[in-house]
Structures are given as structure tokens and as C-alpha cells.
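One letter stands for each residue in the lines below.
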Amino acid sequence: MNERLFFFDTTLRDGEQVPGCQLNTVEKIQVARQLEQLGVDVIEAGFPASSPGDFNSVIEISKAVTWPTICALTRAVEHDIDLAAESLKYAKHKRIHTGIGTSDTHIKYKFNSTREEIIERAVAAVKYAKKYVYDVEFYAEDAGRTDNEYLAKVIEAVIKAGATVVNIPDTTGYCLPDEYGAKIKYLMEHVDGIHNAVISTHCHDDLGLATANTLSGVLNGARQVEVTINGIGERAGNTSLEEIAMILKCHKDISIENNINTTKIFPISRMVSGLMNMPVQPNKAIVGRNAFAHSSGIHQDGVLKNAATYEIINPRDVGIDDNAIVLTARSGRAALKYRLGVLGVNIDNEQRIDKIYEKFLKLADQKKEVNDADILMLAGADTAEAHAVKLDYLQVTTGMGVRSVASIGLDISNQKFEAAATGNGPVDAAINALKKIILKKMTLKEFTIQAISKGSNDVGKVHMQVEYNNGLYYGFGANTDIVTASVEAYIDCINKFKD
């Protein structure tokens, strides 16, 4: 049994499927380079057949990183596999990840097929992918709900066809840890040739069991874990990379080595959160704001006497630096550039640094301190400067017992427009004024304000979902004024409309 655990990161594929969290190619390259520094073994860079953007991202990520294996996802379809192989042409180490559903539910309702035909399609896909690359991973979608005897037949067949890795996904997050571990153990004991391939876990968190299931899989013989930064992913998310990495670091009795540099965890967590505009919940294990906070008097007393009384993880082990430089309006370009580097954003272009620094000074004038989330927001690759619709000014009058009134000015492709409107509150008034200029039938479906953590002068972060022309569009805005942030989020949605 291989006592080396491989980390397969799918933040840029499964993680990026979260609605409203899509990254452009430049941002994906930033994340991929940080994943390389973190020490992940495999980066699943995208699903090339899904869109030209995904295809191009796999190409560019293949060029940008050196030693990790670059993986491209496909269905068990020859055209998908052709595109994946083409997108991987610049990768130093390449893998095609192909597969098909194996549960009776998928076989009957998704494929209208039979068990025998599914095995034939699985084998054909692996053999076809082997024409392009040696390293072929096969996924048995919905393996969590596939009976073990049939699953073993599928896995044995694809290994004989040449699969080097076999992925056993709990696609719906249904399994219990004992059940999932037993499934991996069954395959280890009943699949002829199982030691010719690496068994991989891929668990979803629909019932909050993704990390427990993944660990159970590892303890029963799996030697690859498919994970994401911050546990992001479809629905309730995927197994969290940082949780598995720190479980293995804390539990020395689990003698399985891995390549993760845990001191890089916190910076990449904040980078992914900032680029995807997806907040990390405060009580999130390992990387949440409260993960190392103690409010109970008894706990505080114990930690002050000896941190080991209530902390099983040294914050520095995950990259939290207690002595981090505090940035204020008096901080210079060098301090800003250094902090960006610590957070994984390395910028050599001095003109871009100057632009970020100019925005930084404006923000620092409004706040006592500029935090890491603010810095990542300022350094975001997709800025409002490139948008067709921009906010020129916003003035709102509101108060108790009076109807809110908003005046707004927009710059639309270098033409100036103004409007005023009333509303049931300052945000409603501002959006009503905006709609007087943007004459489109739009409906606000979701409006979320991210928690403000440090005080009334902190940046408020707003996430919006707007329906237009039967499509849903996600927008993000950030400002020390929450009404302005709301309007910026709405404008961000408008700039993404497809007419």
C-alpha cells in the first residue's frame, strides 16, 4: 500500500461551479500558482468541453505551473476527451479525468441504459483517453449510492483498460463515514488489480460529512483526496483541503505523508475568498475568523497560561502571522506590495501597483486599518474600470419618518446620465433611480450583505442576484458605504448582461 497521500485540488473546476463565483483566466492562474506553492499534487484546471473559457484556462494554467499534474475533466464522450487532450498540450504532467454515472438511479434516469452498457462505455472512454496520455483517472459518478458488488466490477474493468486512478465520488453527500469507508475497503479487497491504481475520494458536504467521509476513505486505503480551498463547491460544497491537511498534521498516529505546506493555507484561503467574492464563515474550521478566537473567560485564562489548553493548532502552522504589518494611510507602496505578496498576489507591474496604491490611499482615508480582505479586493483582476456602466456619483437622503430619496449619476460608455427616485429605504431609492437610466426589465432575486467584522468604518460587501431576460446574473460590490456597495453590486450584474 502506498503510504503517500496525493492532494487533488478541484477549486478551479468543481469549486468554481458555485453560482456567481466564476474566475477569469488571469485570476485562475493566480490561484493555480498559489496551489503549486501550497504543494498540491494535482490541479483540476477545468472542464474544457463546457466552454471556450474553460478550454483556454486549462491551456494557460498548464503554461503557468511547473511540477503539479494538470487535470482536465471530461464525460465518457470522445469529443470531450479530444478537447481535453488538446487543452493539456502545454502541461508538463497531464491527466485526463473521464467517467460516467454508475448508480442504478443514474443508469436508469440519466442514461436510460443498462449496467452492461455502462461498463462498456466506461472501458471505451478510458481506452480512448489512453491514446493521448498515460495518466487517466476514471470517476464512477454517484458511487456513494452504487452497490459495492457492481461498483467493483466497473472499477476492475477500467483498471484493466488502463486507468491509473479510480475516483469513488459520494456525489450527493449521502454516505455515512462507516459506509463510505467500508466501500473503499470492499474495493481494496475485491477488485483484481486494485494495487495497479490509486483509489481517490471525492466527497460532497450535503449532510456535513464530506471531511469525515474523506478521512474514512483514507483510513481504508484511498491514497488520493479530491478537495477544494475553503470547502467551496456545488450545493453545500466539497471536502475542505485545509481540514484534511490539518487533521493529518495534528494526528501523528496517522502515518501517511503528504506534500502540503500548511503555512500557505491561510493566505490562499483569503485569496480564493476575495477573488470569488465568497465569504468564509466566521466559525469555519482552520480558516474562519473565529477559529483561533476565545471569548469564554475560562478559555481565555487557559490560553493565556498555555495555548495548548484550548488550541490544538498553532496559528502559525496555517500561515496566520500574529505580527502582520498593519496598513494605514501612512503605509507606503513597499508595505502594500509586501502584504499582497504574503497573500499570494505577486505584482511586478509598477503601473498596476500605482493604481492599487491610489485606491488603497482612498480607502485608508476612510478606515483606521486596511485588512487583508480589503487588500485582495483592491487587487482584484476584474475591476470596475473596464466596465461599460460605471457609477459616477450617488447622493441619498433618508431618515426616520421620511421617504428616502436618491440621486444617481452613471457613466455608460463615456456618456453621462442622471436620475432621481424615491424608495422604501436608501437602497431601494438608489436602485429605483438606477432603473430610470437602465431601461431594462430586471428583478432583484437575492441581496446579501457580508458581515462587517471590525467596526462601523469597515468595508461592507454586498452580493446580489438579478434576473434579466430569463437569465440569472451575480454581482458584487464593496464600499465603506453600504448603499454605494449595493448599487455597485447591481451595476456589476448589469455589466454581465448578455443582450
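Scroll up a little and you will see the structure.
Residues numbered from 1 in each chain as written. Predicted model: local features only at pLDDT ≥ 70, side-chain atom pairs only at ≥ 80, totals over all residues. Heavy atoms only, no water.

### Describing the sheet that holds strand E12 (residues 442-450)
Read across the sheet, three strands follow the order E12-E13-E14 without closing on themselves; strand pairing throughout is antiparallel. Edge strands, defined here as strands with exactly one partner in the open sheet, are E12 and strand E14 (471-479). Ignoring strand direction, the axes of neighbouring strands in this sheet form an average angle of 20°. The sheet strands contacting helix H16 (residues 482-494) are E12, strand E13 (460-468) and E14, and the helix crosses E14 at an angle near 145°. (Pairing = 2+ DSSP bridges. Helix = DSSP H or I, 4+ residues; strand = E, 2+ residues; numbered from the N terminus. Axes fitted to C-alpha atoms, helices over the stretch in contact; angles between N-to-C directions. Contact = heavy atoms within 4.5 Å.)

### Re the pairing of strand E10 (residues 404-412)
As paired elements, strand E9 (residues 389-397) and E10 share eight bridges and run antiparallel to each other. By the bridge assignment, Leu394 is partnered in E10 with Ile408. With antiparallel pairing between neighbouring strands as the criterion, E9 and E10 make up a hairpin whose turn holds six residues, including Gly401 at a positive phi of roughly 85°. By the bridge criterion, nine bridges tie E10 to strand E11 (residues 415-423) in an arrangement that is antiparallel. When the bridges of E11 are listed, Ser404 appears paired with Gly423.

### Section: the pattern of salt bridges
Per the counting criterion, the structure on display carries 24 salt bridges. For Glu137, the salt bridge is made with Arg95, and the minimal N-O distance between the two is 2.9 Å. Taken together, the residues span a long stretch of sequence, with Glu137 in strand E5 (residues 136-141) and Arg95 in strand E4 (residues 94-101) at a distance of 42 residues. What makes Glu137 buried here is its relative accessible area of 0%. A salt bridge links Arg235 to Asp206; the nearest nitrogen and oxygen atoms lie 2.7 Å apart. Taken as a pair, Arg235 in the loop between strand E8 (224-227) and helix H9 (241-250) and Asp206 in the loop between strand E7 (198-203) and helix H8 (210-219) lie far apart in primary sequence, 29 residues in all. (Salt bridge = Lys/Arg side-chain N within 4 Å of Asp/Glu carboxyl O. Buried < 20%, exposed > 50% of the residue type's maximum accessible area, 1.4 Å probe, protein only.)

### Structural notes on unusual backbone geometry
The backbone of Ile286 sits at a positive phi, close to 75°, despite the residue not being glycine. Following the sequence through the fold, Ile286 ends up in the loop between helix H10 (265-276) and helix H11 (297-305). Ile286 gets classed as buried once you look at its relative accessible area, which sits at 12%. Positive phi is not limited to glycine here, since Asn469 has a value of about 55°.

### A closer look at the sheet that holds E10
Taken in spatial order, the three strands line up as E9-E10-E11 in an open sheet, and their pairing is antiparallel. Where the open sheet ends on each side, the last strands, each with one partner, are E9 and E11. Across the sheet, the mean angle separating the axes of adjacent strands is 15° when strand polarity is ignored. Against the sheet, helix H15 (residues 426-437) touches E9, E10 and E11, its axis set at about 140° to E11. In this fold H16 packs onto E9 and E10, with an angle of close to 150° to the strand it touches most, E9.

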